[in-house]
Amino acid sequence: MTAQPPEPSPHPAPPGELRASHDDREAVVEQLRDAAAEGRIDFDELDSRLEQALTSKTHAQLAVLTADLPRPKSAESQPPLVLKGGMSGASRGPGRWEVPGRVIAHGGVGGVKVDFTRVECRLMEVAVEAYGETSGVTIVIPDGWAADTNGMDPGVGGLTDKTTPDRLPGTPLIRLTGAGGMGGVIIRHPNRREQCKLRSNPAQG
């Protein structure tokens, strides 16, 4: 006799009783570590809460662990990062930096480089506006990230897209818009020199 699958419940589980995912647990772990670094909880309590976070099954169990901590600011709510390439140029990265939902880069006369290779980004999509202007903008994204450049106006300087479409699950999509101007816009993965540097010094931040 073939066993019948269980009937779906007509009453959905309350939000707190929904099963937590690996990403949900990891987000709480990061919040707890930040709280310890800020002195809000001591390291003994951190160890205890981390153990509970990693074994929590539901959202309700996770919520208890951070109920007495400030809510982390959402990356989407952060103001845009604006980079302007003045006489000396401008860059962000490759060290650790918080990625907002929107990045605006103006190449100006000195050029701009935006390097995402060492960031920890929890956003599933980042809007990047790049204006090549005189000296251009270079954007470097990790292997496994992908870019959508359909909204980009190549202008005189052009758009050079050296990224691959092979996007790993859980990684952000860079949605690139703007104009190439005279200097052009380049979006690519790390080159050989940058890859060697990443491998030789992976903890740089």
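Because the structure is predicted, anything quoted here is derived from the model rather than measured. (Residues numbered from 1 in each chain as written. Predicted model: local features only at pLDDT ≥ 70, side-chain atom pairs only at ≥ 80, totals over all residues. Heavy atoms only, no water.)

Observations regarding the overall build of the protein chain
Inference 1: Looking only at helices and strands, one finds four helices and ten strands in the protein chain.
Inference 2: Across the protein chain, helices and strands are ordered from the amino to the carboxyl terminus as α-α-α-β-β-β-β-β-β-β-β-β-β-α.
Inference 3: Residues classed as buried in the protein chain amount to 37% of the 205 residues present.
Inference 4: Look at the contacts in the protein chain between residues 6 or more apart in sequence, and 70% of them connect residues 24 or more apart.
Inference 5: Carbon and sulfur atoms provide 53% of the accessible area of the protein chain, an area that totals close to 12,500 Å². (Helix = DSSP H or I, 4+ residues; strand = E, 2+ residues; numbered from the N terminus. Buried < 20%, exposed > 50% of the residue type's maximum accessible area, 1.4 Å probe, protein only. Contact = heavy atoms within 4.5 Å. Areas by Shrake-Rupley, 256 points an atom, 1.4 Å probe, with all protein chains shown as cover.)

As for the packing of helix H1 (residues 22–37) against helix H3 (residues 59–66)
Inference 1: Put simply, H1 and H3 touch, their axes get as near as 10 Å, and they point 5 degrees apart. In terms of axis orientation, H1 runs roughly parallel to H3. Facing H1, whose interface residues are Asp24, Arg25, Val28, Gln31 and Leu32, H3 presents His59, Leu62, Leu65 and Thr66.
Inference 2: Here the contact of H1 with H3 is composed, by residue class, of four nonpolar, three polar and two charged. (Axes fitted to C-alpha atoms, helices over the stretch in contact; angles between N-to-C directions. Parallel < 35°, antiparallel > 145°, perpendicular 65-115°, else oblique. Nonpolar A, V, L, I, M, F, W, Y, C, P; charged D, E, K, R; others polar.)

Here we look at the pairing of strand S3 (residues 102–106)
Inference 1: Looking at chain direction, strand S1 (residues 81–84) and S3 are connected through four bridges and run parallel. Residue Leu83 lies in a different strand from S3, and its bridge partner there is Ala105.
Inference 2: Both S3 and strand S5 (residues 125–131) contribute to a ladder of five bridges, which runs parallel. Looking at S5, one finds that Arg102 is bridged to Ala127. (Pairing = 2+ DSSP bridges.)

Brief notes about the sheet that holds S3
Inference 1: An order of S1-S3-S5-S9-S7 is seen for the five strands of this open sheet, with the pairing classed as parallel. Strands at the two margins of the open sheet, each flanked by one partner only, are S1 and strand S7 (146–153). Recorded for the sheet is a direction-independent mean angle of 15 degrees between the axes of neighbouring strands.

Focus on unusual backbone geometry
Inference 1: The linkage connecting Gly93 with the following residue, Pro94, adopts the cis geometry, with an omega of 10 degrees.
Inference 2: Among the structural elements, Pro94 can be located in the loop between strand S2 (90–92) and S3.
Inference 3: Even without a glycine there, the phi angle at Glu133 is positive, about 50 degrees.
Inference 4: Topologically, Glu133 is positioned in the loop between S5 and strand S6 (137–140).
Inference 5: Under the relative-accessibility criterion, Glu133 is labelled partly exposed at 32%.

Digging into the sheet that holds strand S8 (residues 159–161)
Inference 1: One open sheet holds the five strands; their spatial order is S2-S4-S6-S10-S8, and the pairing between them is parallel. Lying at the two open borders of the sheet, with one neighbouring strand each, are S2 and S8. When the angles between neighbouring strand axes are averaged without regard to direction, this sheet yields 5 degrees.
Inference 2: For S8 and strand S10 (residues 185–188), the ladder comprises three bridges, and the chain directions are parallel. Within S10, the residue paired with Asp161 across the bridge is Ile187.

A few points about the packing of H1 against helix H2 (residues 43–55)
Inference 1: With their axes 10 Å apart at the nearest point, H1 and H2 run at an angle of 175 degrees to one another. The orientation of H1 with respect to H2, classified from their angle, is roughly antiparallel. Taken together, the residues of H2 that come into contact with H1 (itself represented by Arg25, Val28, Val29, Leu32, Arg33 and Ala36) are Phe43, Leu46, Arg49, Leu50, Ala53 and Leu54.
Inference 2: Partitioning the contact of H1 with H2 into residue classes produces nine nonpolar, no polar and three charged.

Describing H2
Inference 1: The first and last C-alpha atoms of H2 sit 19 Å apart over 13 residues, in line with the 18 Å expected at 1.5 Å per residue.
Inference 2: Within the sequence span of H2, burial applies to Leu46, Arg49, Leu50 and Ala53. An end-on view of H2 places all buried positions within 105 degrees of arc, on one side of the element. Exposed side chains of H2 directed beyond 90 degrees from the buried face belong to Asp44, Glu51 and Thr55.
Inference 3: Looking at the buried residues of H2, the elements they touch are H1 and H3.
Inference 4: For H2, the capping residue at the N-terminal end is Asp42, with a side-chain oxygen 3.2 Å from the backbone nitrogen of Asp44. (Expected span 1.5 Å × (residues − 1). Arc of directions from axis to C-beta. Polar contact = N/O pair within 3.5 Å; in protein donor to acceptor, adjacent residues only side chain to side chain.)

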